[in-house]
Protein chains: 2
Amino acid sequence: MDENSQSLKTYTKLIRAAETALSCTQKHLSPQDLTLSQFGVLEALHHLGPLCQKELGQKILKSSGNITTVIDNLERRGLVRRERSSVDRRYVTVKLSSTGASLIQEVFPGVENLITEGLSCLSELEQDILAASCKKLGRAMEESPFSPK
Amino acid sequence: MDENSQSLKTYTKLIRAAETALSCTQKHLSPQDLTLSQFGVLEALHHLGPLCQKELGQKILKSSGNITTVIDNLERRGLVRRERSSVDRRYVTVKLSSTGASLIQEVFPGVENLITEGLSCLSELEQDILAASCKKLGRAMEESPFSPK
DNA sequence: TCTTGATGATTCAATGTCGAACCATCCACA
DNA sequence: TGTGGATGGTTCGACATTGAATCATCAAGA
């Protein structure tokens, strides 16, 4: 098989696997009315503690404008609080509220199980290799002339 | 490392690699004002010939409602034509127009190069393994209780 | 102190996307 | 023949996302 065509097929399989996984996760979260982005934010705050919006944007790979609306929606539901940083007033640090904390603690294990079960079709070694290849690939594409910013 | 945490990390790397790749492709296409979905449709028509909208939806993993608007936009630009099937009038077969055909022929090689170059950080063997793992994973997640339909 | 450039956040318009309701068409079966 | 269920496509409302423009704030240097 020629090299281009092989690469395309690999690329397609990667994309589709990721989209299938995301779609499953999304469906798993929909009963709680959580978007993937909202879940990503809650999960980041849960595991890393309070973060400013720029950091959140980098964590979940979304534009700054989008982060604002995601936080808006989380704040409206009382899952999260905004606080202007006193040391540098440009920054807004986002913190989990207590209801936000309990929601993510309640929801996260289910997502973890879903993912763990999905990935259980691969051996530990296979998972390591997959992770390593994805990491390499991610880096390589970031260096492309069309890198995401 | 415990098994859950390993799976999560692998999952995250997979998702991020895919999103980085998609984002690069998107940026590559934006000068032609083509969406990833629009490109996906043109590419499918280019390589597989005329298809009905349901088939297109399966190819690019989008909802039927969305396919309608994607085709609307492509048709408005004259890149594509709709034809009611005469044998079963429920079906709408979508065909590339001549300008659509030349656009995809002009654009596709660049995308192919972008992807091939990105994936060139992996050996052929590594690519094969990556593809196989993604395929397995995709199948496994489709059997999950939260499978995408 | 003032100005300039950089940076984080917000706003806004345009668009993509989904899911549900709906319409048209076909098919199987009585 | 005709009726009911299945199927492909469209419409519509709700929301996510982006990118550009804008605002507020900070830091560095004249």
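The following paragraphs examine the structure supplied in this document. (Residues numbered from 1 in each chain as written. Chains lettered and ligands numbered in written order. Predicted model: local features only at pLDDT ≥ 70, side-chain atom pairs only at ≥ 80, totals over all residues. Heavy atoms only, no water.)

## Thoughts on the relation of the copies chain A and chain B
Here comes step 1: Least-squares fitting of chain A to chain B yields an RMSD of 0.1 Å, with the superposition described by an axial translation of 0.0 Å and a rotation of 180 degrees. With respect to symmetry, the two chain copies, as superposed, fit the operation of a two-fold axis.
Here comes step 2: The residues that chain A uses at the interface reappear at the interface of chain B in 100% of cases, marking a shared surface. (Least-squares fit on C-alpha atoms with pLDDT ≥ 70 in both. Contact = heavy atoms within 4.5 Å.)

## Some thoughts on the sheet that holds strand β2 (residues 80-84) of chain B
All names here are of chain B.
Here comes step 1: Strand order in the open sheet formed by 3 strands is β1-β3-β2, with antiparallel pairing between adjacent strands. Taken across any chain shown, the strands that pair with only one partner, and hence form the sheet edges, are β1 (51-52) and β2.
Here comes step 2: Both β2 and strand β3 (residues 92-96) contribute to a ladder of 5 bridges, which runs antiparallel. Its bridge partner lying in β3, Glu-83 is registered against Thr-93.
Here comes step 3: Against the sheet, helix α2 (residues 36-48) contacts β1, β2 and β3, and its axis sits at roughly 85 degrees relative to β3. (Pairing = 2+ DSSP bridges. Helix = DSSP H or I, 4+ residues; strand = E, 2+ residues; numbered from the N terminus. Axes fitted to C-alpha atoms, helices over the stretch in contact; angles between N-to-C directions.)

## Details of the side chain of Gln-53 of chain B
Residues and elements named next belong to chain B.
Here comes step 1: Relative to the elements of secondary structure, Gln-53 occurs in helix α3 (residues 53-60).
Here comes step 2: Residue Gln-53 is classed as buried on the basis of its relative accessible area, which comes to 16%.
Here comes step 3: Polar contacts involving the side chain of Gln-53 include one to the side chain of Arg-82, which spans 2.7 Å. (Buried < 20%, exposed > 50% of the residue type's maximum accessible area, 1.4 Å probe, protein only. Polar contact = N/O pair within 3.5 Å; in protein donor to acceptor, adjacent residues only side chain to side chain.)

## Looking at the protein's contact with DNA strand C
Here comes step 1: Neighbouring DNA strand C are 21 residues; Gln-53 and Lys-54 of chain A together with Ser-37, Asp-88 and Arg-89 of chain B lie closest to it.
Here comes step 2: Near-protein atoms of DNA strand C (within 4 Å) split between backbone and bases, with sugar and phosphate holding 79%.
Here comes step 3: Between DNA strand C and Tyr-91 of chain A there is a distance of 3.4 Å, counted from a phosphate oxygen to a side-chain nitrogen or oxygen.
Here comes step 4: Asn-73 of chain B places a polar side-chain atom, nitrogen or oxygen, 3.0 Å from a phosphate oxygen of DNA strand C.
Here comes step 5: Counting residues per element, the ones that place at least two in the surface near DNA strand C are α3 (53-60) and α4 (64-76) of chain A together with α2 and α4 (64-76) of chain B.
Here comes step 6: Each residue belonging to the surface near DNA strand C can be placed in one class, and the counts come to 3 nonpolar, 11 polar and 7 charged. (Near = heavy atom within 4 Å. Nonpolar A, V, L, I, M, F, W, Y, C, P; charged D, E, K, R; others polar.)

## So, the sheet that holds strand β3 (residues 92-96) of chain A
Residues and elements named next belong to chain A.
Here comes step 1: Spatial strand order, β1-β3-β2: 3 strands in an open sheet with antiparallel pairing. Only two strands of the sheet have a single neighbouring strand rather than two, namely β1 (51-52) and β2 (80-84).
Here comes step 2: Lying over the sheet, helix α2 (residues 36-48) contacts β1, β2 and β3, oriented at roughly 85 degrees with respect to β3.
Here comes step 3: Sheet strands touched by α4: β2 and β3. Its angle to β2, the strand with the most contacts, is close to 120 degrees.

## Quick word on the interface of chain A and chain B
Here comes step 1: At the junction of the two partners, chain A supplies 55 residues and chain B supplies 55 residues.
Here comes step 2: Carbon and sulfur atoms supply 69% of the area buried between chain A and chain B, which totals about 5800 Å² over both sides.
Here comes step 3: Put simply, chain A and chain B have 2 salt bridges between them.
Here comes step 4: The salt bridge partner of Lys-136 of chain B is Glu-126 of chain A, with a shortest N-O separation of 3.2 Å.
Here comes step 5: At the surface where chain A touches chain B, the tally comes to 14 residue pairs in polar contact (both at pLDDT 80 or more). (Buried area = accessible area lost by both parts, 1.4 Å probe. Salt bridge = Lys/Arg side-chain N within 4 Å of Asp/Glu carboxyl O.)

## Some thoughts on the protein's contact with DNA strand D
Here comes step 1: Around DNA strand D sit 22 residues in total, of which Ser-37, Asp-88 and Arg-90 of chain A together with Gln-53 and Lys-54 of chain B are the nearest.
Here comes step 2: Looking at DNA strand D alone, sugar and phosphate atoms form 78% of those within 4 Å of the protein.
Here comes step 3: At 3.1 Å from a phosphate oxygen of DNA strand D is found a side-chain nitrogen or oxygen belonging to Asn-73 of chain A.
Here comes step 4: One nitrogen or oxygen atom from the side chain of Arg-90 of chain B is found 3.2 Å from a base oxygen belonging to DNA strand D.
Here comes step 5: For the surface near DNA strand D, the elements supplying multiple residues, two or more each, are α2 and α4 of chain A together with α3 and α4 of chain B.
Here comes step 6: Element by element, the count of residues in the surface near DNA strand D is highest for α4 of chain A, at 4 residues.
Here comes step 7: Of the residues contributing to the surface near DNA strand D, the split by class is 3 nonpolar, 12 polar and 7 charged.

## Some words on the packing of aromatic side chains
Residues and elements named next belong to chain A.
Here comes step 1: All told, the structure shown has 2 aromatic pairs over all chains when counted by the stated rule.
Here comes step 2: On the numbers, 6.4 Å between centres and 10 degrees between planes, the contact of Phe-39 with Phe-108 is stacked. Of the two residues, Phe-39 sits in helix α2 while Phe-108 sits in helix α5 (residues 98-119), which places them 69 residues apart along the sequence. Pair check on accessibility: Phe-39 and Phe-108 agree, each one buried. (Phe/Tyr/Trp six-rings, centres within 6.5 Å; stacked < 30°, edge-to-face > 60°.)

## Side note on the nonpolar core
Here comes step 1: Ranked by size, the top nonpolar core spans 80 residues in total, and within it Leu-42 and Leu-56 of chain A together with Leu-42 and Leu-56 of chain B carry the most contacts.
Here comes step 2: For Leu-56 of chain A, the contacting residues outside a window of four places in its chain are Val-41, Ala-44, Leu-45, Leu-51, Ile-67, Ile-71 and Val-94 of chain A. (Core = buried A, V, L, I, M, F, W, Y, C linked by side-chain atoms within 4.5 Å.)

## Quick look at α4 of chain A
All names here are of chain A.
Here comes step 1: In a regular helix each residue adds 1.5 Å, so 13 residues correspond to 18 Å; α4 covers 18 Å between its end C-alpha atoms and thus fits that length.
Here comes step 2: Of all the residues in α4, the buried ones are Ile-67, Val-70, Ile-71 and Leu-74. Each buried residue of α4 lies within a common arc of 95 degrees when the element is viewed along its axis, so the set occupies one face.
Here comes step 3: Looking at the buried side of α4, the elements it contacts are α2, α3, β2 and β3.
Here comes step 4: Gly-78 occupies a position one or two residues after α4 and carries a positive phi of about 75 degrees. (Expected span 1.5 Å × (residues − 1). Arc of directions from axis to C-beta.)

That's the geometry; what it means functionally is another story.
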